[in-house]
Amino acid sequence: MIKNIVIGGEAGQGLKTTAAILGKALFKNGFNLHTSMDFMSRIRGGHNFGRIRFGDEEIRGPQEEIDLLVALNEETITRHVEKLAKDGAVLYDEAVSAVENSIVVPAEEIASEVNPKAVNTVYVGSILKAFGINLDCARSVVEDYFDAESVISDNLKLLNRGYEKGETIFKAPEPKSRTGEQIYLNGNEATALGALAGGINYYSAYPMSPSTGIMSYIAGKQDEMNVVVEQAEDELAAINMAIGASYGGIRTMSGTSGGGLALMNEAIGLAGLTETPLVVANVQRPGPATGLPTRTSQGDLLFAVNSAQGEFPLLITASRNQENAFYQTFRALNLADKYQLPVILMSDQFLADSSTNVPDFELQNLEIERNLIAAEDMGPDEEYRRYEFTEDGISPRAFPGQLKKQTVLADSDEHDEKGHIVEAADKRRRMVDKRARKLDRLIEDDLAEPEYFGPENIDYLLVGWGSTYGPLREAQSRLNEEDIKAGYLSFTDVWPLPTTGLEKLADNEVELIDVENNSQAQFARLIRQETGIEVEHRILKYDGRPFRGEEIFRRITEEVIQ
Amino acid sequence: MSENRGSKNKYSPVDYETNSSANLCPGCGHALITRALRQAVSELNLPPEKLNVVAGIGCSGKTVAEIKANGIHTLHGCAAPVAMGSQVANPDQEHILISGDGDSWAIGSGKMIALLRTNLDLLYICENNGTYGLTRGQLSPTTKIDSPTRWGMVSDIPPVDGIGIAMVTGATYVARGFSARQELLVEQIKGGILHDGLAYLEVFSPCRTFNDHEGSHHSYKYCQRHAADFPKISVNDIEADYPSDSELEHEFTYEEDGRQFGLEFDNLDEMPEYDPTDLNLALKTWEDYWTEQIIPLGLLYIDESQKAHHERFYSEEDDYIATLEPEETRPSREDFSIILDQFR
Ligand SMILES: Cc1ncc(C[n+]2csc(CCOP(=O)(O)OP(=O)(O)O)c2C)c(N)n1
Ligand code: SF4
Ligand SMILES: [Mg+2]
């Protein structure tokens, strides 16, 4: 059983706190859950809401139909009531005549007697009561969440009051249905943790929604984790600082959103030409220009693929969900070092700001590989060459000061093996070829083929990349339930595009359906460019909102299968 | 540069030469700066592997090719942030940033302000020729109003005052040099390297090909005519350069490679009211010169009391990240597991 709660109100009403406490409490009760946020780009007013879906079955994304609508203001009711399930309920501070199940909790009045600022905790109490879930876990969350004793005690009081005033309407899903150790976190936190586990010592960025969460999380861990976080004056500086630190021999990362990636473009080429390892997280939001700052999109794919002027090896990989974001980040750092190239790590607001439960991260199989030259690899009188020609194009890498009596020269002009500027035609050609060979090697040894989900024989093949994974898995299961033979191919590495898996599945009998959060079917275009395969159907969404599984299912049945 | 100095040194200027060329025009001021730089680092006895040259784009930045050292040639206007990153990784290396007037004060102006605020421990050499040499002689942000380019273009907006900006924004060693005054330049570079903090050294460095013509305010001739040697400094190895019985009068002393160096002002007595550690006075004096079109050459301002940038992150030299063993730079599984607790 899965239940869907929507909590709505205006900016400044503390929705984030409510969702955070409730989400964590449900998590601690042992449910699976997925929490996503729909926020306007403003500090006060407007309409914001959070969706929390929880239950004893696997949950991969948000859902449209609402079981419990929690309204912090009247607008929430008018906006969402039509999505209320038949037996759904509304929780508000007065009776709502239009719906059958109306839970009345005068939260502000209750809070004003204790602490008006803690009004949200009243809702948490009443919501848990609506499902008959006891308060034990919520209490411990409140104790962890706040610092001051008096604030904790006020919140605990109001949690109880909310519980007492509420009423139980629903049967709760089975608690403790999860197995194994789990954690509950959002995509930005998972990315930040992947970076820390990957041993970064430097993170430079400029705040830009929805990527800022990565920086703020790492900044809070600077001392514990031995990381220097530099808030640069802009993204141009941020990426160049990261390049400087990486050239200096330490693991670094930067992160931004589309506008920042645009400013970073020239320097992505600098990392490419100087062969300086660099990972940049691009947490997409709808562009161009300022676009929709707090919403979601997959509109930067071809922009990222075509990063910077000129030609150089570049890896673009996308995280498919919170769990994957951790491992992808770790891997991106290793691959950047191994192949000495820039890696763009794609995420988006939907993944970044949504929280879910994931299996505890498995650290024992993770190995940091810096791929630096060892002192023994140098001959006694050998002079170090930063760009030494090798069979696979990967030159032994040293950083300044690493090798005794050797200097390291990196150059953004075309250069020879030692890093000195050259212009001779044959030398230029050899260097271009050398850099290109690195990518050939990467494709051979490390490029991740997409993962396939679905039955062996199919009529339809859904293709998607990155964070649409959750909704697409749900849609694919729904299709299979309806006896529609559909499979789903989930890409994480998108550039260079892995083609083997796709080419195997995309035979003449199968109809391909591209599902993307953009208006120009960029991934379908990339597939055609790289394989010649024409994806005939497109399910596109570009209103700044994430897909929901049932929405994809419905659109496929309406637009494709008919 | 007295004769006896070289004798104590393991390195001579030749040791910093490369077999690569920046292909500058004959007589280019930038080449003279490179020469002074090699002389200066040899006098400080700095091994090439301890030097780290971060270069911008322009004829100026190209000179990185002619200096045997670690180095990275970056993007136009972006050397400052690259140096910041590199310096945090390796604060024990002597970072020298080489940039042009356009690279610093046009495309790099925003980066410049951000860098000056940090008091990063590096020597910033702005090779100012009042034009864009590499792109063949356009107006630059430092071109003076009444100084037409070789192609006859005249700037109708006042030039950027790099020295003034550096002083008010946070540089803690601000000096003005001239390519053709090699002796002083060597001292200024040595002082800037030894200084613990951000040293901004703007060098009047004529472009022979595009901005050395009659009427230019950036020519060798113009600078010779308008230069005033003040306040001059010298930087000496205390043990090697002074007889043991001499009375030492160093304004500042530094240690490098186990040797003691002293920085002293040579001609402050000509202007007794000047105090190069007084920011307001230095600024006012500079602005007076600036409007009178006199080019003072020397160390205009110094403040050794500020913390250098990396000292905010590192309490001890042993902590410099790039010098640590890999295990020390990463979280242990146990530490990492502790931070995961927050999500449990
Ligand atoms: C982004 C970018 N824009 C423009 C250029 C072209 N460019 C190269 S050097 C330069 C100006 C250099 O002038 P300056 O910094 O004064 O150096 P100089 O050559 O005079 O030493 C320009 C405009 C470039 N390389 N990159
Ligand atoms: S163009 Fe000017 S700045 Fe460039 S090398 Fe020639 S003289 Fe020097
Ligand atoms: Mg210039």
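Residues numbered from 1 in each chain as written. Chains lettered and ligands numbered in written order. Predicted model: local features only at pLDDT ≥ 70, side-chain atom pairs only at ≥ 80, totals over all residues. Heavy atoms only, no water.

Enquirer: I tried to follow the sheet that holds strand S19 (residues 493-495) of chain A on my own but got confused; where do I start?
Expert: Each strand in a sheet pairs with another by means of backbone hydrogen bonds, the pair being arranged parallel or else antiparallel. Residue and element names in this part refer to chain A. Spatial strand order, S9-S8-S10-S11-S13-S12-S19: seven strands in an open sheet with mixed pairing. What marks the edges here is a single partner per strand, and that holds for strand S9 (228-231) and S19. Put simply, the sheet's adjacent strands are angled 25° from each other on average, direction ignored. When strand S8 (residues 202-205) meets S9, the two strands line up parallel, connected through four bridges. (Pairing = 2+ DSSP bridges. Helix = DSSP H or I, 4+ residues; strand = E, 2+ residues; numbered from the N terminus. Axes fitted to C-alpha atoms, helices over the stretch in contact; angles between N-to-C directions.)

Enquirer: Can you walk me through helix H7 (residues 162-169) of chain B in this structure?
Expert: Because an α-helix packs 3.6 residues into every turn, residues spaced three or four apart end up facing the same way. Residue and element names in this part refer to chain B. The buried fraction of H7 amounts to six of the eight residues, a majority that puts the element mostly inside the structure. Inspection of H7 places Gly 162, Ile 163, Gly 164, Ala 166, Met 167 and Thr 169 among the buried residues, and these make up the whole buried set. Tucked into the core, H7 has its buried residues touching helix H5 (101-105), helix H6 (109-118), strand S7 (173-178), strand S8 (198-204), helix H11 (279-292) and strand S13 (295-302). (Buried < 20%, exposed > 50% of the residue type's maximum accessible area, 1.4 Å probe, protein only. Contact = heavy atoms within 4.5 Å.)

Enquirer: Help me understand the packing of helix H7 (residues 187-197) of chain A against helix H8 (residues 212-219) of chain A, please; the structure alone is not making it clear to me.
Expert: Helix-helix packing is characterised by the crossing angle of the two axes and by the distance between the axes. All names here are of chain A. Running from N to C, H7 and H8 cross one another at 50°; their axes reach a closest spacing of 8 Å. Taken together, the axes of H7 and H8 lie oblique to each other. Viewed along their axes, H7 and H8 form a crossing whose handedness is right-handed. In this structure, H7 uses Asn 188, Thr 191, Ala 192, Leu 193, Ala 195 and Leu 196 to contact H8, whose residues at the interface are Gly 213, Ile 214, Tyr 217 and Ile 218. Broken down by class, the residue content of the contact of H7 with H8 amounts to seven nonpolar, three polar and no charged. (Parallel < 35°, antiparallel > 145°, perpendicular 65-115°, else oblique. Left-handed = near helix turned anticlockwise from the far one by under 90°. Nonpolar A, V, L, I, M, F, W, Y, C, P; charged D, E, K, R; others polar.)

Enquirer: It is not clear to me how the interface of chain B and chain A should be interpreted in this structure. Could you clarify?
Expert: As a measure of interface size, the accessible area lost when the parts come together is often cited. Listed as interface residues are 49 residues of chain B and, on the opposing side, 61 residues of chain A. Both sides of the chain B and chain A interface together cover about 4600 Å² of buried area, and 61% of this is carbon and sulfur. At the junction of chain B with chain A, the criterion picks out five salt bridges. The salt bridge partner of Glu 181 of chain A is Arg 344 of chain B, with a shortest N-O separation of 3.7 Å. (Buried area = accessible area lost by both parts, 1.4 Å probe. Salt bridge = Lys/Arg side-chain N within 4 Å of Asp/Glu carboxyl O.)

Enquirer: Explanation requested: the pairing of strand S20 (residues 511-516) of chain A in the structure shown.
Expert: For a regular strand, side-chain orientation follows a simple rule: the groups alternate between the two sheet faces. Residues and elements named next belong to chain A. Among the six residues in S20, five count as buried, and that is most of the element. Sheet analysis places strand S17 (residues 460-465) next to S20, joined by four bridges and oriented parallel. Bridging across to S20, Leu 462 finds its partner in Ile 513. In terms of strand pairing, S20 meets strand S21 (residues 537-540) through four bridges, oriented parallel. Paired with Asp 514 across the strands is Arg 538, a residue of S21.

Enquirer: Whenever I open this one, the coordination of the magnesium ion (ligand 3) confuses me. Can you help?
Expert: All names here are of chain B. Surrounding the magnesium ion (ligand 3) are the protein donor atoms Asp 101 (OD), Asn 129 (OD1) and Thr 131 (O), at 2.1 to 2.2 Å. All donors of the magnesium ion (ligand 3) belong to a single chain; written as a sequence motif, their spacing is D-x27-N-x1-T. With Asp 101 in helix H5 and Thr 131 in strand S5 (residues 131-132), this residue pair connects regions lying 30 residues apart in the sequence. For Asp 101, a relative accessible area of 2% translates into the label buried. (Donors = N, O, S within 2.8 Å, 3.2 Å for Na, K, Ca; no water.)

Enquirer: Honestly, the confidence of the model for chain B in this entry has me stumped. Any pointers?
Expert: Any segment with low pLDDT has predicted coordinates that should not be analysed in fine detail. Mean pLDDT over chain B works out to 92, with 97% of the residues at or above the 70 mark. Here the prediction assigns the complex a pTM of 0.96, and the interface score ipTM is 0.95. (pLDDT = per-residue confidence, 0-100.)

Enquirer: Before we go on, may I ask you to explain the pattern of salt bridges in this structure?
Expert: Side chains that differ in charge, positive against negative, can pair when their charged atoms come close. Residues and elements named next belong to chain A. One pass over the full model with this rule turns up 48 salt bridges over all chains. Put simply, Arg 397 and Asp 337 hold a salt bridge, and the shortest N to O gap is 3.3 Å. With Arg 397 in the loop between strand S14 (355-359) and strand S15 (409-411) and Asp 337 in helix H13 (residues 322-339), this pair connects stretches of sequence that are 60 residues apart. Comparing Arg 397 with Asp 337 shows no difference in burial state: the two are buried. Salt-bridge contacts for Glu 551 lead to Arg 548; the nearest nitrogen and oxygen are separated by 4.0 Å. The structure contains a network of salt bridges with shared partners spanning Glu 64, Lys 541, Arg 548, Glu 551 and Arg 554.

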